[in-house]
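# Working through the structure, step by step
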Amino acid sequence: MFFDLNVGALAEPVSGRRWERSEILEQVARRVARFQRHGLERGQRVFMPFGNKLEFFAELLAIWKLGACAVPIDARLTSFEVTNLAEAAQPKLAVIDAKTDPVVRQALGETGVTVIDTQDTGDATADAGLSHLDDDALILFTSGSTGAPKGVVHTHRSLRARWMGLRDQLDLADFERTLCLLPTHFGHGLICNCLFPWLSGKDLYITPPFQADIIMRLGKLLDDNRITFMSSVPAVWKLALKMAKPPQSGNLRRVHVGSAPLSAHIWDEIRRWTGTRQVCNAYGITETGSWVAGLGNADCPAEDGLIGTGWGAVVKVLRNADTDAPLRPEDECKPGESGYVWLNTPALMKGYFQRDDLTANAVRDGWFLTGDIGFLDEQGRLALRGRERDEINKGGMKIYPSDVDAVVERFEGATDVCTFALDDEIYGQSVAMAVVLGDHSAPVIRSLHAWMKSHLAEHKMPVRWWVVDEIPRTSRGKINREAVKAACLPRPSIDLAGILAEGKA
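Predicted model only: the values in this text are computed from it and were never measured.

## Quick word on the sheet that holds strand β26 (residues 428-437)
Overall, mixed pairing links the 3 strands, which are arranged β25-β26-β27 in an open sheet. Two strands bound the open sheet, and with one partner strand each, they are β25 (414-424) and β27 (464-467). Across this sheet, the average inter-strand angle for adjacent strands is 20 degrees, counted without regard to direction. This element, helix α12 (residues 401-409), spans β25 and β26 of the sheet and lies at about 150 degrees to β25.

## A few points about unusual backbone geometry
In this model, N52 sits at a positive phi of 55 degrees, which is unusual for a non-glycine residue. Among the structural elements, N52 can be located in the loop between β3 (45-48) and α2 (54-65). Taking relative accessible area as the criterion, N52 reaches 9% and is therefore assigned buried. The residue R226 is not glycine, and still its phi comes out positive at about 50 degrees.

## Considering the nonpolar core
Counting 85 residues, the largest nonpolar core has F35, F57, W64, W198, L218 and W237 as its most contacted members. A per-element tally of this core places α2 first, with 9 residues. Listed in part, the 23 residues of the second largest apolar core include V404, V408, L456 and I499.

## As for the sheet that holds strand β13 (residues 279-281)
In sheet architecture, strand pairing relies on hydrogen bonds along the backbone and comes in two forms, parallel and antiparallel. Judged by pairing direction, the sheet is mixed, and its 7 strands sit side by side in the order β2-β1-β10-β9-β11-β12-β13 without closing on themselves. Two strands close off the open sheet at either side, each with one partner strand: β2 (17-19) and β13. Geometrically, the sheet is characterised by an average inter-axis angle of 15 degrees between neighbouring strands, direction not taken into account. In the packing of α2 onto the sheet, contacts are made with β1 (10-12), β2 and β10 (203-206), and the angle to β2 comes to roughly 25 degrees.

## Observations regarding the packing of helix α3 (residues 79-89) against helix α4 (residues 102-110)
At a closest axis distance of 9 Å, the pairing of α3 and α4 adopts a crossing angle of 30 degrees. Judged on the interaxial angle alone, α4 and α3 are roughly parallel. The way α3 lies across α4 gives a crossing that is right-handed. Residues S79, V82, T83 and A86 of α3 lie in contact with α4, whose contacting residues are V103, V104, A107 and L108. In the contact of α3 with α4, the residues fall into 6 nonpolar, 2 polar and no charged.

## Observations concerning the environment of R30
The topology assignment puts R30 in helix α1 (residues 21-37). Excluding anything up to four places from it in sequence, R30 contacts T121, G122, D123 and A124.

## Focus: the layout of surface pockets
In this structure, the second largest pocket spans a volume of roughly 1300 Å³. Forming the boundary of the second largest pocket are 50 residues, of which R76, P209, F210, Q211 and A212 lie nearest the centre. Among the secondary structure elements, those contributing two or more residues to the lining of the second largest pocket are α2, α7 (212-215), α9 (234-243) and β25. Sort the elements by how many residues they give to the lining of the second largest pocket and α9 lands first, with 6 residues. Tallied by class, residues from the lining of the second largest pocket come to 22 nonpolar, 13 polar and 15 charged.

## Here we look at the pattern of salt bridges
By the definition in use, this model includes 30 salt bridges. A salt bridge links K202 to E176, with the shortest nitrogen-to-oxygen separation between them at 3.3 Å. Of this pair, K202 sits in the loop between α6 (187-198) and β10 while E176 sits in the loop between α5 (156-169) and β9 (177-180), and the two are 26 residues apart along the sequence. Take K202: its relative accessible area is 15%, and that puts it in the buried class. A residue is classified by how much of its surface remains accessible, and E176, at 30% relative accessible area, is partly exposed.

What counts and what doesn't
- Residues numbered from 1 in each chain as written.
- Predicted model: local features only at pLDDT ≥ 70, side-chain atom pairs only at ≥ 80, totals over all residues.
- Heavy atoms only, no water.
- Pairing = 2+ DSSP bridges.
- Helix = DSSP H or I, 4+ residues; strand = E, 2+ residues; numbered from the N terminus.
- Axes fitted to C-alpha atoms, helices over the stretch in contact; angles between N-to-C directions.
- Contact = heavy atoms within 4.5 Å.
- Buried < 20%, exposed > 50% of the residue type's maximum accessible area, 1.4 Å probe, protein only.
- Core = buried A, V, L, I, M, F, W, Y, C linked by side-chain atoms within 4.5 Å.
- Parallel < 35°, antiparallel > 145°, perpendicular 65-115°, else oblique.
- Left-handed = near helix turned anticlockwise from the far one by under 90°.
- Nonpolar A, V, L, I, M, F, W, Y, C, P; charged D, E, K, R; others polar.
- 1 Å grid on protein atoms, 1.4 Å probe; cavity = no way out; pocket = protein on both sides within 12 Å on 5 of 7 lines; lining within 4 Å.
- Points joined across faces, edges and corners; volume = space filled by probe spheres on them.
- Salt bridge = Lys/Arg side-chain N within 4 Å of Asp/Glu carboxyl O.

Note that all results are geometric; they support no functional claim without further evidence.
See below:
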């Protein structure tokens, strides 16, 4: 963190609440006193099963001022999931709000965690020293709420490295009034969308995450609050582009889209809707403090999956994905050749919490294996093809689901899509697709098929289709292709062959 606490104002545009810097510092001091009353000490952990409100940020700074570690978690988790994470992280305290499920509060208490309401504060005159650079600052769980938890540990040193790297690459003036529609329990929303501008003295406007009614009036929200910057995910934009009126004030200077590769079609649509060319597909990974690469100047032609150059990071694309083997210069891919994306950055996590085995599988000599497939173009810019685990191997032919998704997204009648692999007795794997269509009629399906056939090689064409009402997403707004596959398989796919045959009759 920036230790002078030169924070900007905090505002909730939905509720109308706002704290200026003086109020924020008082609220932090009150919470420091309360934490001291409960015996919180340096190095101990505090669960935060709530977020996206003013109090969350006051709690966070108070935890840090005492040298403790914050563990934000998804407020929508069940009591079983919260208990599983608590047993792994062993927090001393948990801070909740009025919306926290009483069952979750009870579950935390049963694990021996002292539960505090965020409104229960202490004497505003209390104070404490700041955390040391190498103290654990955040644990962000990226998976394992129902199994073996995988918690990314960031120190104040790694967080500060991320924010300083962003300051070197981005114009802070663009972040004068920042809007966050994303959850505060993961890296994109918390570390970069919120804390980077706010701890740099810029005003932060925070809303509940992923609420359709808010997204549907996004243009007015931007205008009313004179927002200059926002970040989000493709899922938000697919709804906003369809349902929300564009902003009219012209205040928006820069937009980031992260958590998934961005197609050129959606990229251009966002530029048109926002009224700014400065739309960037920011590459963010929790383990590297989120935004680790992008375009400083985004006024360039949109390209499917284009990211840009490293922000406080070195990006390499290698043919090797083995963290047990030494990284060799001869393993580097040529420009345009797809391979495994590796990153080297001072913002790299300390490691996975109490999982040295997982850390060793992801990090080699300071280089982090992302699990993403991509390539560097002739200008040295990174472009993503998708995740290694998403890659479809059809009889030895490698197919990237994002390539298929990008084509379907360009079809006028499609509002969302997810391509995934199916087991195939002959080819090993084949291609399947779940798609959301405004019109489910046979003529529209035939038109989409013709569109895809004119834009995709034959081996990339999905052989089974599911027309669905929506594509399920994670709490971070990402598509989990295996989850989409699991949701589709129990249901019959459409009779694609019959529909196509009808059109020829």
